[in-house]
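# Inside the fold
Listed below are the residues making up each chain.
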Amino acid sequence: MMERGDAPRRTKNQTRCGVLIRQLMAGSALAWCAMELCPSLALAQGTATPVTVQTVSVNIPAGDLNHALLTLSQTAHLQIFYDMAKVKGLHANAVSGTMTTDQALSRILAGSGYSFSRTGNKISLVPATANITLGPVRVGGTVAHQDPTGPGIGYVAENTMSATKTDTPITEIPNSIYVVTKQQMLDQGAQTVMDALKYTAGIYAGASGTFNNGNAAADTISFYQRGFSTSQFVDGLLSNSQSAGETAFLERIEAINGPASVMYGQTTPGGMLAMSLKKPTDTPLHQVSVGFGNWGRYESTVDLSDKLTKSGNVRYRVAAIGVTQGTQTDHVDYRRVGVLPSITWDIDHKTSLTLLGMYMYTPGTGISESNDYPLKGSLITNGYRRIPRSNFLGATNWNTQADTTAMFEYQFKHNFNRYINFSQTFRYEQSSTNNKNSYYDGSVNSEEIYQAPEWAKDTFKTTALDTRFYGKFRTGPLQHTWVVGSDFRDYHYDWFFQRDQSNGGDFLTNLYSPNADYTPCFSSSKSAGCKGYITTSRYDYLQEGIYFQDQIKWQGLSILLGGRQDWVNFNGHTSTYTYNNTDGQNTSSITHETSAPQPASAFTWRAGILYNFDFGLTPYFSYSTSFVPQTSTNYQGQPFAPLTGKQLEVGLKYKVPNKDILLTASAFHIDEDHYLEQDPVHTDYSLDAGRVKSQGFEASANANLTKDLRMIASYSYVDIRYAKTNETAKRYNPYTGSTYGNAISEEGMFVPYVPRNMFSVFLDYTLPQNAFKGFGINGGMRYVGFTYAGNVESFKSPAYFLFDIGAHYDFGASIPALKGLKAQLAISNLTNKYYVTRCNNSDCYIGEGRRVYGNLTYNW
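Residues numbered from 1 in each chain as written. Predicted model: local features only at pLDDT ≥ 70, side-chain atom pairs only at ≥ 80, totals over all residues. Heavy atoms only, no water.

### Some points on the environment of Tyr 264
Stated formally: Runs of E in the DSSP output that reach at least two residues are strands. Runs of H or I that reach at least four are helices, and both are numbered from the N terminus. Residue contacts are counted whenever heavy atoms from the two residues lie within 4.5 Å of one another. The term polar contact refers here to a pair of N or O atoms within 3.5 Å; inside protein, the definition further demands a hydrogen-donor-capable atom paired with an acceptor-capable atom, and it admits residues adjacent in sequence only when both atoms are side-chain atoms.
Positionally, Tyr 264 belongs in helix 8 (residues 261-264). Linking Tyr 264 and Tyr 547, residues 283 residues apart in sequence, is a C-alpha distance of 8.8 Å. The residues contacting Tyr 264, other than those within four sequence positions of it, are Met 161, Ser 162, Lys 165, Phe 233, Gly 236, Met 272 and Arg 564. A polar contact is formed between the side chain of Tyr 264 and the backbone oxygen of Ser 162, at a distance of 2.6 Å.

### Quick notes on the packing of aromatic side chains
In this description, an aromatic ring pair is defined by two values, namely the gap between the centres and the angle between the planes. Note the cut-off: Any two of the Phe, Tyr and Trp rings considered here, Trp counted by its six-membered ring, make a pair once their centres fall within 6.5 Å; the pair's planes then place it as stacked at under 30 degrees, edge-to-face at over 60, or tilted in between. Here the term buried applies to any residue with accessible area under 20% of the maximum for its type, exposed to any over 50%, and partly exposed to those in between, with areas from a 1.4 Å probe on protein chains only. Over a ring means this: the NZ of a Lys or the CZ of an Arg is within 6 Å of the ring centre and within 35 degrees of the ring normal.
Counted under the stated rule, the structure contains 29 aromatic pairs. Look at Phe 228 and Tyr 675: their rings are 6.3 Å apart centre to centre, the planes differ by 70 degrees, and that puts the pair in the edge-to-face class. With Phe 228 in the loop between strand 15 (223-225) and strand 16 (232-234) and Tyr 675 in the loop between strand 37 (660-673) and strand 38 (676-678), this pair connects stretches of sequence that are 447 residues apart. Here Phe 228 and Tyr 675 have matching classes, each one buried. Between Trp 495 and Phe 497 the ring centres are 5.3 Å apart and the planes differ by 25 degrees, which places this aromatic pair in the stacked class. A relative accessible area of 10% places Phe 497 in the buried class. Linked through ring pairs, Phe 460, Tyr 491, Tyr 493, Tyr 539 and Phe 570 together constitute an aromatic cluster. Positioned over the ring face of Tyr 834 is Arg 386, at 4.2 Å from the centre of the ring. Taking NZ or CZ as reference, Lys 796 lies 4.1 Å from the ring centre of Phe 786, over its face.

### Quick look at the pairing of strand 18 (residues 250-257)
What counts here: One bridge is not enough; two strands pair if DSSP finds at least two bridges between them.
For strand 18, the buried fraction is high: 8 of the 8 residues fall into the buried class. By the bridge criterion, 4 bridges tie strand 13 (residues 177-180) to strand 18 in an arrangement that is antiparallel. By the bridge assignment for strand 18, Val 179 is matched with Glu 254. With 7 bridges joining them, strand 18 and strand 19 (residues 271-277) adopt antiparallel strand pairing. The partner of Leu 250 across the bridge, within strand 19, is Leu 277.

### Looking at the nonpolar core
A general feature of soluble globular proteins is that nonpolar side chains tend to end up buried together. What counts here: To form a nonpolar core, buried Ala, Val, Leu, Ile, Met, Phe, Trp, Tyr and Cys residues must be joined to one another through side-chain atoms within 4.5 Å.
Core analysis: the largest hydrophobic core is formed by 30 residues, its most contacted members being Leu 197, Phe 223, Phe 249, Ile 253 and Leu 277. Elements that contribute at least two residues to this core include exactly strand 13, helix 7 (193-196), strand 14 (203-205), strand 18, strand 19, strand 22 (314-325), strand 23 (334-348) and strand 24 (351-365). Counting residues in hydrophobic clusters, the runner-up holds 25 residues, among them Val 58, Ala 76, Ala 92 and Val 95.

### Some details on the pattern of salt bridges
The condition that has to hold: A side-chain nitrogen of Lys or Arg and a carboxyl oxygen of Asp or Glu constitute a salt bridge if their distance falls within 4 Å.
Applying the stated criterion across every chain yields a total of 32 salt bridges. One continuous salt-bridge network, built from bridges that share partners, spans Lys 165, Asp 466, Arg 468, Asp 487, Arg 564 and Asp 566.

### A short note on helix 3 (residues 65-76)
Our working definition: What a helix should span is 1.5 Å times the count of its residues minus one.
The terminal C-alpha atoms of helix 3 lie 16 Å apart, and with 12 residues this matches the ideal 16 Å at 1.5 Å per residue to within 8%. Most of helix 3 sits out of view: 9 of its 12 residues are buried. Buried residues of helix 3: Leu 65, Asn 66, Ala 68, Leu 69, Leu 70, Thr 71, Leu 72, Ser 73 and Ala 76, and no others. Residue His 77 follows helix 3 closely and has a positive phi angle near 55 degrees.

### Side note on the side chain of Thr 535
Checked against the element boundaries, Thr 535 lands in strand 31 (residues 532-554). Using a relative accessible area of 9% as the deciding quantity, one classes Thr 535 as buried. Of note is the side chain of Thr 535, whose polar atom sits 3.1 Å from the side chain of Thr 576. Those residues within four positions of Thr 535 in sequence are excluded, and the remaining contacts are Trp 495, Phe 496, Phe 497, Thr 574, Ser 575 and Thr 576.

### A word on the sheet that holds strand 51 (residues 843-846)
Applied cut-off: To obtain each axis, a line is fitted to C-alpha atoms, and for helices this fit is confined to the stretch in contact; angles are then taken between N-to-C directions over 0 to 180 degrees.
If you walk across this open sheet you meet the 3 strands as 25-51-50, and the pairing is antiparallel. A single partner strand is all that each edge strand has here, and the edge strands are strand 25 (372-374) and strand 50 (836-839). The average undirected angle you get between the axes of adjacent strands in this sheet is 35 degrees. Where strand 25 meets strand 51, 3 bridges bridge the pair, whose relative direction is antiparallel. Bridging from a neighbouring strand, Tyr 373 pairs with Cys 844 of strand 51.

### Points about unusual backbone geometry
Of note, the phi angle at Tyr 753 is positive, near 80 degrees, even though the residue is not glycine. Here Tyr 753 shows up in the loop between strand 43 (738-745) and strand 44 (757-766). A relative accessible area of 15% means that Tyr 753 is categorised as buried. In this structure, Asn 829 takes a positive phi of about 50 degrees despite not being glycine. Topologically, Asn 829 is positioned in the loop between strand 49 (821-828) and strand 50.

### Some remarks on the pairing of strand 27 (residues 421-445)
Relative to strand 27, strand 26 (residues 400-415) is paired through 16 bridges, and the arrangement is antiparallel. Residue Phe 408 lies in a different strand from strand 27, and its bridge partner there is Tyr 428. Turn length for the strand 26-strand 27 hairpin, with the two strands adjacent in sequence and antiparallel, is 5 residues. If you look at the hairpin formed by strand 27 and strand 28 (residues 448-475), you'll find 2 residues sitting between the two strands, and Ser 446 has a positive phi there, around 60 degrees.

Structure representation (structure tokens):
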């Protein structure tokens, strides 16, 4: 048993005592350190003191672990015993706020390799017994403060940065927030953001079916949030990259349901998706994996993080992926290689800088314009053979979908003092695509359909910056958490599109025996004899905004107030050039400038109130507005007015005390003006449908029920209708392929493609170790209700149930020599159900069949 080093003697001068103790402890590298610098007379004489875990207010910066422990002991009057030599040079995490001493110590030690034990009022540091990399360590029933951008614990995340741009508990924010943790993504084998969000309340993920086989990013036809299209933000900045949402590079995904324009500017009233990229960890992380699956999937990933300096103030992380696979559709492949390196430098105990870079090359995106099938043979099988999911209806010799993305980002933070802090995030991003394919134009000839060949190339360039000051202060009994900031986004888009009309504009392919008999002819030279047209578009988009927010707290009552002013400038042009047309002449048929109204600006705001009861229940109410400038035009080249929305939301959140169980229920009412729908005459354009109304109810549960059992569950009801519109349309009969009756008003009709009811539940259970040591199973069920096709409820796409199962095995649980080696298997759509995700008046999107994915992962 090691002896306690020189104990501090009682003295009248507290400062001299502190200096003496430091000198005594520093005199022996093997001494145990007992830190309560000037103990009371009763303690010095050995009088017993009751065991209490007190609450203290602390503000300890990141830095040397010895210094942090000394500061905590002085602040909280703790005795902390440890071997100074063993912790020399180790890094301590920053901790700030009011919390228990155990919570403060847990956060300081997280990632250091040490935990602590408590005997009475005596605290001793002990080596951590588990290498936990997916969240904070639980010590003695207390969890350290969670990183608001980190992976969470199990299926539960308690804090977020996304909703308020401040580190805030989810239960102190008056709107619905759902976090997809890293553990959930791993257990479900989520390969795309679309996969990861399928169990999230309020979100219809996968509306485009197999059209979006491998693409990781959000798009306007794959995701609906409370009935509206949505946008993805990466590390707090809007991202248009088709590769930025690669799940191998993400720590977590958050769904912020409801308007978020106050903090982020251009978001629809349905909400936004917030994703956090992987960054250097405090705890060393070394992980490699190899994966496999049906459709010929082979995958390898690497995730490494460690310190570059002895003190750990400079740390790195490198995440990388290489994958190749087919898809359920023949001749449509998904191939990708990517790397995400990052480095964090804690310049001093108040200042840090993180640099990130990303390069992603995707020569096969898994996407094809040919993946939408005609109504007859997909939705309608009465009298028609079902079209196999494997049938590729395009031309195999004109079938290329490629994407390249590069990104640089930095995150800088500086803490001036307890009242004011500074944070800045910058990103430059460039993405380009090259797609050669064809699309179904809605024409059917017996069992053949017409495909229209096309060639599209585009380039996106984005420069974005978010700068903010934030902090905390008190005015009497009120505690304020404030933030004031500004952001801008400079976006450039170039688009090249070419149609081949040499053979009448289309080519025929058989639905059941597709063949490639198309010879591409895309030369605009007269000598080549090709016919067609070329459309080019270019626009520049500059958005600037300033915002402010105050979270005011008095005991259990919290009030949130925020506002934002946005300015938008948009300039662009589109031109179409027809070559070798019917009279043999080349013409410039359309050229027009498209500009947003000058100036385009809006003020958005939100207000919310909630009360945190001691037993964990939090009722809340909020009102918020949204603003989205429109970059598209109608067929005449006229720009649309900005989308403007407003929402009322009331809800309950319940965090079970001392448990990782978070329950959320909310009801909402949303109005949005200038909602866009497809122009029924000029189908390549949109029109202003007026106002839509979305109202509904959500309920969600995220729970680590026991250390072996995790669960997520959700229910969503969304009733979205045209509330005020002058648009009319005739109903469409999918069996006859024609409209009927008189044109009727769209007012009061359901907005198409959005299911009213969705329900899901997923559980993961690690079996009792005495019988099945290291083995676990999981499974889930998803229900998606019917959706309408067309704007006047012409017909329905039917509802469907899907089932998912999986298993995992930790080899190290029973074979110590294999510690760190794990195997996992995930199967989605277990029954291989053939289902339709959405239809319009001509075609449907088909859902993904049974997908099998497994991997071997080694951590050390």
